[in-house]
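Breakdown of the fold
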Amino acid sequence: MQMPTGKWWKEAAVYQVYPASFKDSNGDGLGDIGGLISKIDYLHDLGVDVVWLCPMFDSPQHDMGYDISNYEKVYEPYGTVEDIDILVKACHDRGMRFILDLVVNHTSDEHEWFKESRSSRDNPKRDWYFWKPARYDDAGNRIPPTNWRSYFAGSTWTWDETTQEYYLHLYATQQPDLNWNCEAARNAIYDSAMRFWLDRGVDGFRVDTVNKYSKPLEFHDAIITDPNHYEQPAAYMFCNGPRIHEFVKEMHDKVISQYDCMTVGELSLTPDPDHVLRYVSASAKQLDMVFHIDTGNMDHGGPKDKYDHRPFILPELKAAITKWQKFIEGTDGWTTAFLENHDNGRSIDRYASSEPEFREISAKMLAIMMTTMTGTIFIYQGQEIGMINAPKEWPIEEYKDIEALNYYNEARALSISGEDPSRLPIVTRGLQILGRDHGRMPMQWDSTAHSGFTTGDKPWMRVHDLYPEINVAKQVPDEKSVLSFWKRMLRLRKEYRDLLVYGIFDLLDPGNEKTFVYTKTGERRAALVALNFDQGVQDFEVSTDKEWKLVLSNYDAPVAGKLAPFEGRVYMSAN
Ligand code: TEU
């Protein structure tokens, strides 16, 4: 058996922090770097090895910091560059590492580079972004250069009055796409967004939208799949473009390879494992690993209908997980496991049950699944205490995310005009489950006002109504809490890293719609994991091929031959 070889980032448990919502240290209602520093020991106790901080750079915050106006400055309400130095040291002092988000597909329209680029057609930075002349329809109306629909609804092109051209933005109007074909722009990105931070001791990056830097320069229209609208889903046209591997490799060779750091790319629309290997095989020297978005998008409706929620089907989820567990076998590539991030609803609501009687047991079952997966695991803030989605009754006014609001307003306009009244209930329901806001609510630290997140009068976003029940302070001393369970599982993962981090994954009973059962095989021993994704009791017999011994369950008294609702078990055996 060819076992993967070790590197620090392979065995790491990475914890993702959303700066606005983690911990406020100065009472202004917004999380900050000082707040995060005050919680480093909490993360260390949990068993975290790497802290990943979402964008904390200077930004007008149209997309919560994914619209960066200066890579070398920290958004003032979050703190300063010197605060990041202190944070890096706090992590390193505890043997932990610290990574940042690398958002270089686009900048903010308030970045100096874009301001120069838009100032005149002959500005030296004009080609650092994509500028195109208008087209005109048969009636002589000005229309954008392509019919592409942006991720946040509407066109990917915005008209610029001053220079009488359109600029490209795959996301919000305020997020113009950088033109990676321009070498000077690439070098500026490497210096400003990467070396600046690596030289200060940062240990790597989560690389945002990593496969979108190379656009096909013909700028053809997307195929019309939505005949009622001008803008068409077009992501397939700008993912994995013609020069993408050249760009990612250059980024690695010129910058990443000069430091002992890790990279994890956010990779969408790349279902072919061979293609993914081109990004993550160690010999290809592009990225260390990527997030396989198809698992995370399983219950989305599709590129246009992201918020047309389709409840996940367990055999499909198992197949997707199996695919990305197995694709590294016999190769020099590496994989990841994650269930939550800042772009999704909470996993308990999506994959299990947030009903009061099942909430905690569900959280523990999902923790078993995550911590027994091969690859680097990523935990999103609040996942370790079983945080859940906002109550369905919350009105749209509580949602803050640009994507949620654009989708909602678009659907409402269709409803008001009578064009498509069916959209509004679909999008409303979709947002209640999948909305990005659910993962962005303040962290629930204790049962004092505003969940102990802020000492100020008003957190930037409403705190979950259930914070007196679901919070860190309540769970720390409780051996049976979700938090204590995560700690135990993360310790177990380290202890049995040969199996749990590096083992060969094999799915059993793929068609079973209620249970997810798999084995992990190492050189000396094997593990059997059984998870019940249903509220009903399931029959379950342990296979007799090995002498399986029960190591743990999320229930106190597991019953032979049965799996209780949302039960999870781990057995082990010598090989
Ligand atoms: O997301 C990229 C992205 O395209 C999606 O996966 C994202 O979930 C979005 O909802 C698309 O519908 C990254 C960041 O994670 C996200 O927060 C940013 O908004 C986006 O890039 C733009 O920078």
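Shown above is the structure to which this text applies.
Attention here is on the structure that accompanies the text. (Residues numbered from 1 in each chain as written. Predicted model: local features only at pLDDT ≥ 70, side-chain atom pairs only at ≥ 80, totals over all residues. Heavy atoms only, no water.)

**Description of the overall build of the chain**
Along its length, the chain carries 18 helices and 22 strands. A compact globule built from 575 residues would reach a C-alpha radius of gyration of about 25 Å, and the chain, at 24 Å, matches this within 12%. In terms of principal-axis extent, the alpha carbons of the chain reach across some 75 × 55 × 50 Å. Within the chain, the fraction of its 575 residues that count as buried is 62%. Restricting to contacts in the chain with at least 6 residues of sequence separation, those with at least 24 account for 70%. In the structure as shown, the chain presents an accessible area of about 21600 Å², 50% of it carried by carbon and sulfur atoms. A gap of 3 Å separates the mean positions of the 63 positive and 88 negative side-chain charges of the chain. (Helix = DSSP H or I, 4+ residues; strand = E, 2+ residues; numbered from the N terminus. Rg over C-alpha atoms; globule rule 2.2 N^0.38 Å. Buried < 20%, exposed > 50% of the residue type's maximum accessible area, 1.4 Å probe, protein only. Contact = heavy atoms within 4.5 Å. Areas by Shrake-Rupley, 256 points an atom, 1.4 Å probe, with all protein chains shown as cover. Lys, Arg positive; Asp, Glu negative; His and termini not counted. Charge placed at Lys NZ, Arg CZ, Asp CG, Glu CD.)

**Quick word on the site of the ligand**
Within the structure, the ligand sits among 18 residues, and Asp 63, Tyr 171, Lys 306, Asp 343 and Glu 403 are positioned closest to it. Within the side chain of His 106, one N or O atom sits 2.8 Å away from an oxygen atom of the ligand. At 3.3 Å from an oxygen atom of the ligand is found a side-chain nitrogen or oxygen belonging to Lys 212. Notes on the ligand: free accessible area 490 Å², of which the protein chains cover 93%. When grouped by side-chain class, the residues that make up the shell around the ligand number four nonpolar, four polar and ten charged. (Near = heavy atom within 4 Å. Polar contact = N/O pair within 3.5 Å; in protein donor to acceptor, adjacent residues only side chain to side chain. Nonpolar A, V, L, I, M, F, W, Y, C, P; charged D, E, K, R; others polar.)

**Observations concerning the sheet that holds strand E9 (residues 157-160)**
Read from one edge of the open sheet, three strands run E6-E10-E9, paired in antiparallel fashion. Unpaired on one side and paired on the other, strand E6 (131-132) and E9 mark the two borders of the sheet. Looking at chain direction, E6 and strand E10 (residues 165-168) are connected through two bridges and run antiparallel. Within E10, the residue paired with Lys 132 across the bridge is Tyr 166. (Pairing = 2+ DSSP bridges.)

**Quick look at a nonpolar patch on the surface**
On the surface, a nonpolar cluster with roughly 330 Å² of combined accessible area is contributed by Ile 223, Tyr 236 and Leu 269. As for its position among the elements, Leu 269 is in the loop between strand E12 (262-267) and helix H9 (273-280). (Patch = residues over 30% accessible without salt bridge, like charges linked within 9 Å, V, L, I, M, F, W, Y side chains within 5 Å. Salt bridge = Lys/Arg side-chain N within 4 Å of Asp/Glu carboxyl O.)

**Thoughts on the pattern of salt bridges**
With the rule as written, the count across this model stands at 42 salt bridges. For Lys 494, the salt bridge is made with Asp 49, and the minimal N-O distance between the two is 2.7 Å. Here Lys 494, found in helix H17 (residues 482-495), pairs with Asp 49, found in the loop between helix H3 (40-46) and strand E2 (50-53); they are 445 residues apart in sequence, far enough to count as distant. By sharing partners, the salt bridges in this structure join Asp 63, Lys 306, Asp 343, Asp 401, Glu 403, Arg 436 and Arg 440 into a single network.

**Concerning the packing of helix H6 (residues 183-198) against helix H8 (residues 244-254)**
One can describe the packing of H6 onto H8 by two numbers: an axis separation of 11 Å at closest approach and a directional angle of 50°. Taken together, H6 and H8 sit at an angle that is classed as oblique. Our pair here, H6 against H8, has a crossing hand that is right-handed. Residue-level contacts link Glu 183, Arg 186, Asn 187, Tyr 190, Met 194 and Arg 195 of H6 to Phe 247, Glu 250, Met 251 and Lys 254 of H8. Counted by class, the contact of H6 with H8 contains four nonpolar, one polar and five charged residues. (Axes fitted to C-alpha atoms, helices over the stretch in contact; angles between N-to-C directions. Parallel < 35°, antiparallel > 145°, perpendicular 65-115°, else oblique. Left-handed = near helix turned anticlockwise from the far one by under 90°.)

From the geometry alone we can't say anything about function, so treat these as descriptive.
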